[in-house]
Amino acid sequence: MTILDSPRPAATAPLVGVVSATAREIIDALVDVGISHSFALPDSVNVHLLDALDGDPRIASVRVSTEDVGAAALHGLWLGGGNGVLVTEGSGLGLSTLVLARMINDRVPVLILTSHSGLHGERHGYHQSSALAGMGTLRGLGIAHHVAAPGDDLPALVRSLGTTAQAMMSPVALVLPLRSITRGKGAAGRVERTGMSDLDVAQVVLAERGNGLIVGSPGFSSCHLAEGTSDDVTVLSQQELGYTTPMAWGLAMAQPHRPVIGVDGDGSVTSRLSVLADLAHTGPGNLTIVVIDNGGYGTFALAGALPQAAPTGWGVDIAAVARACGMRHVTEARTPEQLRTCLAIAIREPGPRLVVAHAPRSEVPAFPEPVRPSVLVTQALRHHLTHPRPTTLAGDPR
Ligand SMILES: Cc1ncc(C[n+]2csc(CCOP(=O)(O)OP(=O)(O)O)c2C)c(N)n1
């Protein structure tokens, strides 16, 4: 057993979580406290609520590609006479810190429904960063908040905290427990799609990488990349939306003689489109970014959600944006064969290069989470790249 074969929950481990409310009950409570608009980006806890909000005429439901932008829009909305709720996981709340500080300064109320407190049966270690960012923002800014436990009366809490936000003229947050909101009636429709899949993309990248270092994204593809490379520290993933491409960029700068491949998701890249301008300007030649474009946030199929459109699903063309930003080497692939050709060139020729892999089909991974705790891979990769002598993961050979 190597250091990376760390214990993980069995795939059959019971899911911890108690449904506390249907999405409809939460929306009724939001309406009762005068919420007119919601701004949101999906996560596994809120996704059923967002689907229900989209279909409820009482609240205008706005999907955003990054949460801090939603927070800033809610500030403007209040100026104009509206009352909003920000629905976000903890990582997005962390991103919104600066905007919330301004809202506190200006006495602008907003109700925040967030998730990942780091308590109550959390079983994915990679949610730690989300919990730290979200709870850190609440504590650091002194935002009044309540961490709900499984089984709590969530609609009552929404009514109570929504009222408080308005009375105190301040942001107020409810931290939702895992799997606490159900869709209510009706099962999610599964959409059958044809064409290349995220699994195909991962397999081609692994086959074509040579000695390339790989940085995956928060989506399914990281699980596909991790399966079968469990002893390989040169394949790691970045679990925060939007930061796969920047992390791969920095790694490529530090390792100029080695190819570096960022395997990013369309939802992740569109949350930080400005990185494409940065890469065009200063991106290193050994960097290749493969964007898996499936038109949405495919990962939430795991939570039994309806397909969640990302900006690509609304028509954003990542290849066109990259070209408009000044990236000179942009290609697109629709089949594994085309992707193989694009990658072979990208890895051989100087870049930076962007390959958009149109992969509408999502394969649910065999084990739907990164196989290894990221701290182990992070530290092992750094050691591997900076240590003058070869090491094995089982231990230092000296
Ligand atoms: C800042 C932030 N907000 C929200 C999330 C929750 N989240 C996890 S995976 C994911 C979707 C990723 O979409 P995409 O990059 O298109 O990959 P796919 O799910 O399609 O594989 C989201 C929104 C997150 N990880 N980070």
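Cut-off values and rules
Residues numbered from 1 in each chain as written. Predicted model: local features only at pLDDT ≥ 70, side-chain atom pairs only at ≥ 80, totals over all residues. Axes fitted to C-alpha atoms, helices over the stretch in contact; angles between N-to-C directions. Helix = DSSP H or I, 4+ residues; strand = E, 2+ residues; numbered from the N terminus. Left-handed = near helix turned anticlockwise from the far one by under 90°. Contact = placed C-beta atoms within 7 Å. Nonpolar A, V, L, I, M, F, W, Y, C, P; charged D, E, K, R; others polar. Near = placed C-beta within 6 Å. Domains from an automatic or database assignment. Pairing = 2+ DSSP bridges. pLDDT = per-residue confidence, 0-100. Core = buried A, V, L, I, M, F, W, Y, C linked by C-beta atoms within 7 Å. Buried ≥ 20, exposed ≤ 12 C-beta atoms within 10 Å, placed from the backbone.

Observations regarding the packing of helix 8 (residues 198-208) against helix 14 (residues 336-348)
Then step 1. Between helix 8 and helix 14, whose axes approach to 10 Å, the crossing angle comes to 35 degrees. Crossing geometry of helix 8 relative to helix 14 is assigned as right-handed. Seen from helix 8, the contacting residues are Asp-200, Val-201, Val-204, Val-205 and Glu-208; seen from helix 14, they are Pro-336, Leu-339, Arg-340, Leu-343, Ala-344 and Ile-347.
Then step 2. Of the residues that constitute the contact of helix 8 with helix 14, the class distribution is eight nonpolar, no polar and three charged.

Some points on the site of the ligand
Then step 1. Taken together, 26 residues surround the ligand, and among them Gly-219, Gly-265, Gly-267, Gly-298 and Thr-299 come closest.
Then step 2. Residue assignment for the shell around the ligand shows that the elements contributing at least two residues are helix 4 (90-95), helix 9 (220-226) and helix 11 (266-270).
Then step 3. No fewer than three residues from each of domain 1 (8-182) and domain 2 (198-386) sit in the shell around the ligand.

Observations concerning the sheet that holds strand 4 (residues 84-89)
Then step 1. The sheet built from six strands is open, its strands ordered 3-2-4-5-7-6 with parallel pairing. Edge positions in the sheet fall to strand 3 (60-63) and strand 6 (144-147), since each has one partner strand and no second. Going across the sheet, the axis of each strand differs from the next one's by a mean of 20 degrees, ignoring polarity.
Then step 2. Where strand 2 (residues 37-40) lies against strand 3, four bridges are found, and the strand directions are parallel. By the bridge assignment, Ser-38 is partnered in strand 3 with Ser-61.
Then step 3. Taken strand by strand, helix 3 (residues 67-79) contacts strand 2, strand 4 and strand 5 (110-115), and its axis lies near 170 degrees from that of strand 4.

Brief notes about the confidence of the model for the protein
For residues with low pLDDT, the predicted coordinates do not support detailed interpretation.
Then step 1. A residue-level look at the protein finds 89% of positions with pLDDT of 70 or above and a mean pLDDT of 89.
Then step 2. Low confidence marks residues 1-16, where pLDDT is under 50. Its contacts with residues over four positions away, or in another chain, come to 24 contacts.

What about the nonpolar core?
Then step 1. The biggest cluster of nonpolar side chains holds 55 residues, and the ones touching the most others in it are Ile-26, Leu-111 and Leu-174.
Then step 2. With sequence-adjacent residues up to four places away left out, Leu-111 is seen in contact with Ile-35, Val-85, Leu-161, Gly-162, Ala-165 and Val-172.
Then step 3. Counting residues in hydrophobic clusters, the runner-up holds 49 residues, among them Leu-225, Leu-236, Trp-249 and Ile-347.

As for the environment of Gln-238
Then step 1. As for its placement among the helices and strands, Gln-238 is situated in the loop between strand 10 (235-237) and helix 10 (244-254).
Then step 2. Residue classification places Gln-238 among the buried residues on the basis of 24 C-beta atoms within 10 Å.
Then step 3. In this structure, the C-alpha to C-alpha distance between Gln-238 and Val-263, residues 25 residues apart in sequence, is 10.0 Å.
Then step 4. Excluding residues within four positions of it along the chain, Gln-238 makes contact with Val-215, Ser-217, Tyr-243, Thr-244 and Met-247.

Focus: the sheet that holds strand 10
Then step 1. The six strands lie next to each other as 10-9-11-12-14-13, forming an open sheet whose pairing is parallel. Two strands close off the open sheet at either side, each with one partner strand: strand 10 and strand 13 (329-333). On average, each strand axis in the sheet is inclined to that of its neighbour by 20 degrees, with strand direction left out of account.
Then step 2. Where strand 11 (residues 260-265) and strand 12 (residues 287-293) come together, six bridges link them in parallel fashion. By the bridge assignment for strand 12, Val-263 is matched with Val-290.
Then step 3. In the packing of helix 10 onto the sheet, contacts are made with strand 9 (213-216), strand 11 and strand 12, and the angle to strand 11 comes to roughly 175 degrees.
Then step 4. Of the strands in this sheet, strand 12, strand 13 and strand 14 (353-358) are in contact with helix 14, which crosses strand 14 at around 170 degrees.

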